[in-house]
Amino acid sequence: MRQLLLVYVILCCLSLAHPFCPSQCTCVLHGLTDGARTRSVVCNDPDMADVPVNVPVDTVKLRIEKTMVRRIPTEAFYYLVELRYLWITYNSITSVDSAGFYNLKVLHELRLDGNMISVFPWESLKEMPMLRTLDLHNNRITNVPNEAIPYLFNITYLDLSSNKLSTLPSDLMDIWPPFNGAPIFANASQKVVLGLQDNPWFCDCKISKLIELSKMSGTPVVLMDLFMACSGPENLAGFPFQRAELDNCVKPSVMSSATKITSDLGSNVILRCDATGFPTPSLSWANSDGSPVDNTVQESPGDGIRWSIMSLHGISFEDAGNYNCKAKNYAGNAEATISVSVAGDISTTTVPLRLSNKTEPTKQVTTVIPPTDTPISTTMMTTAIPTTSTTSTTRPKTTTNKKLQKGPLKQAKPQPGGDGRKLAADEKSKIIDKSKSVKDIKIVEETSDTAVLLWRVDGLPNDAPLTVVYSPYDEDDMKRTVETKAGSGKVLLEGLSSGIRYSVCLIVKGSAAGKDPCTEFYTLDDVEDGDKLFIFISGIACILVMSLIALLLYNIIDLYYKGQNTEYNEEELEKDSYVKFETISMKQRTLNGQPTQLWTRRAHESERMLLCSRSSNDSQMTSKSDSSRCEYLC
């Protein structure tokens, strides 16, 4: 009996000890009302430097707080398939790997606030399809790229406050009402919470939708702080969004040449639309199913104005439908729809060919019979298509000698006009395609081992493939490539060497050789801590030496001027070496004089005499009479 009891105790202990908890963490089991249990793990050891790798696999909530963890490596949590809440807050994280959140299929909440993240891997959100809460406040994020937008559709709580954002992509606001065209319901149960306060916003047309949203009420999008303020430009600095009035920011408006066009089968149709707005809007055409139309021409005759023309050559019944002309700028979107109808019948006739010694096959010709009562719209340009187009051939006939062979199909000479215009339009379309390019490429945020490449596309679709090729300057054998899309507008170049000159090029698929845009840049020098200390000490030593030299020069100059002043004083003393004395003599008392005046000054002439030493004989003489004259030896 005792042995069975001992075995039971050991099994209980093993069941409680399994799975093991990381040494620097605390694991807690929570009981639910339905009897199930959930596990939460808290890791808050200040000495923890890496993400723990032995967290129990049944963990539902993981909190890593106030540690020394600096990065989230690749597939750091891939084995936590039941993880729903991941809090990595107030640590020292500076980098997050793009595959750091791999296999978190049921994660609902991700909090990374209170770290030092400057670039967040937005593409990593595709590994978390159930994510609804994303908290990135109190970091150092400076930019939200356009490629992040597709991964934010399901987010209902997004906090980007207390970062270094100055602008946002204008398309970001288009994923939420009212900018996505969805109706607004005041009592909508599903709300989207945005935290964008405490950022240095530059109030221009790029964030005009955000400023407009702050002035709205009753929308499904709720801002945490409605009293956000502008940091720039200078004329709007300090103004709250509700009072900010943007200059040169006008939503686009579109006007089409016609709303409905009916054309003959096989004719050519030209559709045109005009748009106004500021900044000057871009125009694009799309079919009724949303697929883009490429055979277009557009031009901007001035600021705030753009027109576009779309050509349909030899239209068929498949070309009938609605065509949308879409205008877009930072302030908003607008579109106009043109409906195209095709009228006409198709008749097929067999034309026998003349036979000689060699039999030629017959030709089946398709002709177009336009209706006689179908009106043609005056807003389109049509041309007749040649009626000699071959659609099929029949089997050759044979004669009595049965020595005939298949002859070549003889094609009629095309009529001038239709195909000539079509070829001209095709050539023009080719020229237009060549004008599509990548422009304004530049390098920003260079560090010792990374750099960010920015560009702008002109006419290329957003999903057009791009190849980024970069290598050290004049070292083609060390080239690296990064595949991306034209619409992303940004790519991070990693694995660079410090203090090296690099060359980077953007290659568009199908572009002419040697026409790819390129630029050059330098990476920053990587200064080690020992070098920093040496530079700091050297700087202090230089300051001290320079101070001593300045003090020494000051003393030398001071002594030099004092020497000159001493010579001047000696000359003055030499001039003043003679002392002026007043000689005094005894004067006899008179009755009329005052009794107290026993001594009087000598005559005026005696005052001008110089004092000289008496001879030794005179010094021993007795008193002389007043009338006797004193002799002085000079």
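Conventions and cut-offs
- Residues numbered from 1 in each chain as written.
- Predicted model: local features only at pLDDT ≥ 70, side-chain atom pairs only at ≥ 80, totals over all residues.
- Heavy atoms only, no water.
- Helix = DSSP H or I, 4+ residues; strand = E, 2+ residues; numbered from the N terminus.
- Buried < 20%, exposed > 50% of the residue type's maximum accessible area, 1.4 Å probe, protein only.
- Contact = heavy atoms within 4.5 Å.
- Areas by Shrake-Rupley, 256 points an atom, 1.4 Å probe, with all protein chains shown as cover.
- Salt bridge = Lys/Arg side-chain N within 4 Å of Asp/Glu carboxyl O.
- pLDDT = per-residue confidence, 0-100.
- Core = buried A, V, L, I, M, F, W, Y, C linked by side-chain atoms within 4.5 Å.
- Pairing = 2+ DSSP bridges.
- Axes fitted to C-alpha atoms, helices over the stretch in contact; angles between N-to-C directions.

(A) Geometry of the overall build of the chain. When its secondary structure is counted, the chain shows six helices and 33 strands. Counting all 634 residues of the chain, 32% fall into the buried class. Of the contacts made within the chain by residues no fewer than 6 positions apart, 58% connect residues no fewer than 24 positions apart. About 40,100 Å² of surface is accessible on the chain, with carbon and sulfur atoms providing 54% of the total.

(B) Broad picture of the pattern of salt bridges. Under the defined criterion, the tally for this structure stands at 11 salt bridges. Across the salt bridge formed by Glu127 and Lys105, the nearest N and O atoms sit 3.5 Å from each other. Of this pair, Glu127 sits in the loop between β7 (109–111) and β8 (133–135) while Lys105 sits in the loop between β6 (95–96) and β7, and the two are 22 residues apart along the sequence. With a shortest N-O distance of 3.3 Å, Glu212 and Lys251 are connected by a salt bridge. Here Glu212 is found in helix α2 (residues 208–214), whereas its partner Lys251 is found in strand β14 (residues 250–256), with 39 residues between them in sequence. Accessibility expressed as a relative area gives 26% for Glu212, which makes it partly exposed. Under the relative-accessibility criterion, Lys251 is labelled partly exposed at 47%. Overlapping salt bridges, with partners in common, bring together Glu109, Arg111 and Asp135 in one network.

(C) Structural detail: the confidence of the model for the chain. In this model, the chain carries a mean pLDDT of 76, and residues with pLDDT of at least 70 account for 68%. This stretch, residues 14–18, has a pLDDT under 50; its non-local contacts, to residues over four places away or in other chains, come to zero contacts.

(D) Molecular detail of the nonpolar core. Core analysis: the largest hydrophobic core is formed by 63 residues, its most contacted members being Phe77 and Phe101. For this core, the secondary-structure elements that each account for two or more residues are β2 (37–43), β3 (59–65), β5 (85–89), β10 (192–195), α2 and β12 (221–223). Examining the composition of this core, we find that three residues originate from one element, α2, more than from any other. Not counting residues within four places of it along the chain, the set of residues in contact with Phe77 comprises Val51, Leu62, Ile72, Leu86, Ile88, Gly100, Phe101, Tyr102 and Leu104.

(E) Quick look at the sheet that holds strand β28 (residues 480–485). Ordered in space as β28-β27-β30-β31, the four strands form an open sheet in which the pairing is antiparallel. Because the sheet does not close on itself, it has two edges, and the strands there are β28 and β31 (518–522). Put simply, the sheet's adjacent strands are angled 25 degrees from each other on average, direction ignored. As paired elements, strand β30 (residues 501–508) and β31 share five bridges and run antiparallel to each other. Looking across to β31, one finds that Tyr502 is bridged to Phe521.

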